[in-house]
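Per-entry structural report
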Amino acid sequence: MDNIKNIIESSRVPIIFKDMLDDWELFKWNLDKWNNIFERQSLDCRKGRITCTKEPLWESKCLRESHSFSEVINMSKDIEKNGNWLYFDYKHIGETVDENIFKSISWKKFGYENLGPKDSTLWIGSIGAHTPCHQDLYGINLVAQVHGKKRWILMPPEMGKYLKPSRIPYEESSCYSKFNFSCPDNLKDIDDACKCVTVVLSPGDVLLVPHKWWHYVENLTTAISINTWIQTPKYDNMARLNESVVRFMASSICSGVSKNIQSRLLNPNEIFSSSMIAESINFIDQSIKMMKNDENTADSKEPDSTSPMKYQYKTYEPEQCLSKVEFDTKYHRHNHTSSSLKSDLNIDISHRLLDSLCNENVINQVVSNLIKID
């Protein structure tokens, strides 16, 4: 039987593992138990509305509100009435939530003995909660579905040419698609050559998202997930150099525009500061040194072995046309709403300039010149 860690790190297609984490205590919890755990904690949520616009509902357009766990549940019950959703998303365990509550979390069965609660993030959301389609530029993603159902639409890296990739809003290690996947009609405009995988995760499922696969994720019910990112030095060291150059480009553009325009160019978790350019140059220098060090160090270390065990998994090939994906949920609305943002010449030029400078081909050429040895 193949080593599961080898399967994870070598797979070039998504995989769903079944019933691997039955030793996690939280798989035994119902919503009442979750409500009791969070009854004294206010959840910092992203609040969005289900609409059908051409442009994705970027994080900067969402409200940030504090809600109780029960209010997240009730938002799902009222989805047909109010069209709003709540997402307590990307919360690092041990920072925003108590690590001791989630002490049973361990990724040992997947071959990663050292990954536990502190290496994991928590996602709690109502029906319709989602993140715009994007590509993670670092690592491999393992996602455990703990409660409810969540739809994933996944595309291989090479399908990015059909997805209108953009580095705006800028966020380190994330490249976004300009298509709004929460509006089904938008997908009909995508070339039929763009192939995808669609899966619905149920409790007990663990999804492997391979390196740089595009994905759009949406809650079909009130849903709770736990994930961890597996580092891939083979890819990540080069990616960090690329991202350092992108950060330099973003900080250079932001240094010459108003705070209002900066807020349009940057994701809310990225805050421009006067030291950002200098930090970016330092990151570039460090990344180049790391890559040179890698070249001088033979990678002879074999992956850690795991004890023989039984596990079930299924691989998924990208065979479906993205333009033919069916959305079967009742709450998707088709009331096309135009963007509320007024056109501003300076904003348009800043967008176009930053997107042009951060184009993958441009960044690759810059990086090639940086590491070229005369």
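This section reports on the structure supplied with the text. (Residues numbered from 1 in each chain as written. Predicted model: local features only at pLDDT ≥ 70, side-chain atom pairs only at ≥ 80, totals over all residues. Heavy atoms only, no water.)

**A word on the state of the cysteines**
- For the structure on display, the rule yields one disulfide.
- Here Cys 52 pairs with Cys 183 through a disulfide, and the sulfurs are 1.7 Å apart. Note on the Cys 52 and Cys 183 pair: the S-S dihedral is about 55°, so by sign convention the disulfide is right-handed. Here Cys 52, found in the loop between β2 (43-49) and β3 (63-67), pairs with Cys 183, found in the loop between β10 (174-177) and α5 (184-187); they are 131 residues apart in sequence, far enough to count as distant.
- Of the residues examined, Cys 183 reaches a relative accessible area of 0% and is grouped as buried.
- Cysteine Cys 194 shares no disulfide, and the gap to the nearest cysteine sulfur, in Cys 196, comes to 7.0 Å.
- According to the relative accessible area criterion, Cys 194 is buried, its value standing at 0%. (Disulfide = S-S within 2.5 Å. Helix = DSSP H or I, 4+ residues; strand = E, 2+ residues; numbered from the N terminus. Buried < 20%, exposed > 50% of the residue type's maximum accessible area, 1.4 Å probe, protein only.)

**Focus on the packing of aromatic side chains**
- Evaluated as defined, the whole model comprises 16 aromatic pairs.
- With 5.5 Å between their ring centres and 80° between their planes, Trp 58 and Tyr 176 make a pair best called edge-to-face. One end of the pair, Trp 58, is in the loop between β2 and β3; the other, Tyr 176, is in strand β10, and 118 residues separate them in sequence.
- Look at Trp 58 and you get buried, because its relative accessible area is 8%.
- Judged by its relative accessible area of 6%, Tyr 176 falls in the buried class.
- Plain terms: the ring middles of Phe 181 and Tyr 216 are 5.5 Å apart, the flat faces sit at 35° to each other, and that makes the pair tilted. Pair noted here: Phe 181 is in the loop between β10 and α5 and Tyr 216 is in strand β13 (residues 214-219), with a separation of 35 residues, a long-range link. Each member of the pair, Phe 181 as well as Tyr 216, is classed as buried. (Phe/Tyr/Trp six-rings, centres within 6.5 Å; stacked < 30°, edge-to-face > 60°.)

**Notes on the pairing of strand β12 (residues 205-209)**
- Most of β12 sits out of view: five of its five residues are buried.
- Of the two faces of β12, the one holding Asp 205, Leu 207 and Val 209 and the one holding Val 206 and Leu 208 are both buried throughout.
- Pairing analysis gives four bridges linking strand β1 (residues 15-18) to β12, with the strands arranged antiparallel. Looking at β12, one finds that Ile 15 is bridged to Leu 208.
- Judged from the four bridges that link them, strand β7 (residues 140-147) and β12 form a sheet pairing that is antiparallel. (Pairing = 2+ DSSP bridges.)

**Things to note about the environment of Ser 275**
- Here Ser 275 lies in the loop between α7 (259-265) and α8 (276-295).
- For the pair Ser 275 and Ser 251, spaced 24 residues apart in the sequence, the C-alpha separation amounts to 9.1 Å.

**What to know about the nonpolar core**
- If you look at the biggest cluster of nonpolar residues, it comprises 40 residues, and the most contacted ones within it are Trp 34, Phe 102, Trp 107, Phe 110 and Leu 122.
- If we skip the residues at most four places from it in the chain, Phe 102 touches Leu 26, Trp 29, Trp 34, Phe 38, Ile 93, Val 97, Pro 117 and Leu 122.
- Counting 21 residues, the second-largest nonpolar core is a separate cluster that includes Leu 265, Leu 266, Met 276 and Val 367. (Core = buried A, V, L, I, M, F, W, Y, C linked by side-chain atoms within 4.5 Å. Contact = heavy atoms within 4.5 Å.)

**Re the sheet that holds strand β4 (residues 84-92)**
- Spatially, the nine strands line up as an open sheet ordered β3-β2-β4-β5-β14-β7-β12-β1-β15, and their pairing is antiparallel. Whereas interior strands pair on both sides, the edge strands pair on one side only; in this sheet they are β3 and β15 (312-315). Averaged over all pairs of adjacent strands, the angle between their axes in this sheet comes to 25°, without regard to strand direction.
- The strands that helix α3 (residues 69-77) touches are β2, β3, β4, β5 (120-125) and β14 (223-230); relative to β4, the one it contacts most, it runs at about 140°. (Axes fitted to C-alpha atoms, helices over the stretch in contact; angles between N-to-C directions.)

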